[in-house]
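Each chain is listed here by its residues.
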Amino acid sequence: MLTIPEDTRQLFVSADRFRIRQVIVNLIVNSVKYGKIAGETKIRFYDVGDTVLIEIADNGIGISKKHLPRLFERFYRVDKGRSREQGGTGLGLAIVKHIIEAHNQTIEVMSTEDVGTVFSFMLKKG
Ligand SMILES: Nc1ncnc2c1ncn2[C@@H]1O[C@H](COP(=O)(O)OP(=O)(O)OP(=O)(O)O)[C@@H](O)[C@H]1O
Ligand SMILES: [Mg+2]
């Protein structure tokens, strides 16, 4: 389920719109692929001074601590048996990291197995 909040204020950022779209699409697709049936994905935007904090959160299968340090490496995939969906290349998060770093920012992940995962990054306001 995609939750669209009531607050529809617009926030403007200085970024490459096509690349940032690619980031958000990648993270949303992952949240569905590694989510639970009838799970939820929440996309939140926080107004933080001269930046906007963007979070893509799911309540899916989560990622165990031992995988987190290598998660953004090219072709790195977690134990395939746990996800509903197979056959990814393991490139998605490497591309996400590359794009965010090209915006002089960092991509963060917080995850708990069987609870869910939150990816977050910031962008400078436009
Ligand atoms: N939201 C998430 N919840 C649980 N595991 C995740 C999530 N996002 C990514 N992962 C794990 O991290 C691995 C790497 O993700 P990444 O997007 O780089 O590759 P992929 O989805 O397997 O393939 P691709 O994105 O290239 O189709 C995934 O294989 C999956 O195991
Ligand atoms: Mg992916």
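Note: the structure precedes this text.
What counts and what doesn't
Residues numbered from 1 in each chain as written. Chains lettered and ligands numbered in written order. Predicted model: local features only at pLDDT ≥ 70, side-chain atom pairs only at ≥ 80, totals over all residues. Heavy atoms only, no water. Buried < 20%, exposed > 50% of the residue type's maximum accessible area, 1.4 Å probe, protein only. Helix = DSSP H or I, 4+ residues; strand = E, 2+ residues; numbered from the N terminus. Pairing = 2+ DSSP bridges. Near = heavy atom within 4 Å. Polar contact = N/O pair within 3.5 Å; in protein donor to acceptor, adjacent residues only side chain to side chain. Areas by Shrake-Rupley, 256 points an atom, 1.4 Å probe, with all protein chains shown as cover. Axes fitted to C-alpha atoms, helices over the stretch in contact; angles between N-to-C directions. Left-handed = near helix turned anticlockwise from the far one by under 90°. Contact = heavy atoms within 4.5 Å. Nonpolar A, V, L, I, M, F, W, Y, C, P; charged D, E, K, R; others polar. Phe/Tyr/Trp six-rings, centres within 6.5 Å; stacked < 30°, edge-to-face > 60°. Salt bridge = Lys/Arg side-chain N within 4 Å of Asp/Glu carboxyl O.

For this particular structure, what's the right way to read the pairing of strand 4 (residues 116–124)?
Along any regular strand, the residues point their side chains to alternate faces of the sheet. For strand 4, a buried count of seven out of nine residues is recorded, marking the element as mostly surrounded by other parts of the structure. Relative to strand 4, strand 2 (residues 51–58) is paired through eight bridges, and the arrangement is antiparallel. Across the sheet, residue Ile 54 finds its bridge partner in strand 4, namely Phe 121. Two successive antiparallel strands, strand 3 (residues 108–112) and strand 4, enclose a turn made up of three residues, where Asp 114 displays a positive phi of approximately 65 degrees.

Could you clarify how one ought to interpret the site of ligand 1 in this entry?
Within the structure, ligand 1 sits among 19 residues, and Tyr 34, Asp 58, Arg 77, Thr 89 and Leu 93 are positioned closest to it. Separating an oxygen atom of ligand 1 from a side-chain N or O atom of Asn 30 is a distance of 2.9 Å. One nitrogen or oxygen atom from the main chain of Gly 92 is found 3.2 Å from an oxygen atom belonging to ligand 1. Protein coverage of the free-state accessible area of ligand 1, which is 600 Å², stands at 92%. Of all the secondary structure elements, the ones that give two or more residues to the shell around ligand 1 are helix 1 (17–33), helix 2 (92–102) and strand 4.

How should the packing of helix 1 against helix 2 be read in this particular structure?
The packing of two helices is summarised by the inter-axis angle and the distance between the axes. Closest axis-to-axis distance for the helix 1/helix 2 pair is 9 Å, and the angle between their directions is 145 degrees. Every pair of crossing elements has a handedness; the one defined by helix 1 and helix 2 is left-handed. Each of Arg 19, Ile 20, Gln 22, Val 23, Asn 26, Leu 27 and Asn 30 in helix 1 lies in contact with helix 2, whose residues at this interface are Gly 92, Leu 93, Ile 95, Val 96, Ile 99 and Ile 100. Looking at the contact of helix 1 with helix 2, its residues break down into eight nonpolar, four polar and one charged.

Help me understand the pairing of strand 2 in this model?
Judged by how many residues are buried, strand 2 sits mostly within the fold: eight of eight residues are covered. Neither face of strand 2 is left uncovered, since the one carrying Thr 51, Leu 53, Glu 55 and Ala 57 and the one carrying Val 52, Ile 54, Ile 56 and Asp 58 both have all their residues buried.

Teacher, can you tell me more about the packing of aromatic side chains here?
How two aromatic rings sit relative to each other is set out by the distance from centre to centre and by the angle between their planes. Within the structure shown, the criterion is met by one aromatic pair. Ring geometry for Phe 72 against Phe 119: centres 6.2 Å apart, planes inclined by 90 degrees, an arrangement best described as edge-to-face. With Phe 72 in the loop between strand 2 and helix 2 and Phe 119 in strand 4, this residue pair connects regions lying 47 residues apart in the sequence. Judged on exposure class, the residue Phe 72 and its partner Phe 119 are both buried.

Can you walk me through the environment of Val 23 in this structure?
Summarising the element assignment, Val 23 is placed in helix 1. According to the relative accessible area criterion, Val 23 is buried, its value standing at 0%. Setting aside residues up to four positions removed in sequence, Val 23 forms contacts with Val 96, Ile 99, Ile 100 and Phe 121.

What is the right way to look at the pattern of salt bridges in this model?
Any two side chains of opposite charge can pair, given that their charged atoms come close. Scanning the model with the defined rule gives six salt bridges in all. When the shortest N-O distance is used, the salt bridge between Arg 44 and Glu 55 registers 3.0 Å. Note that Arg 44 is positioned in strand 1 (residues 41–48) and Glu 55 in strand 2, a separation of 11 residues in sequence. Take Glu 55: its relative accessible area is 14%, and that puts it in the buried class. The salt bridge involving Lys 124 is made with Asp 50; its shortest N-O contact spans 3.7 Å.

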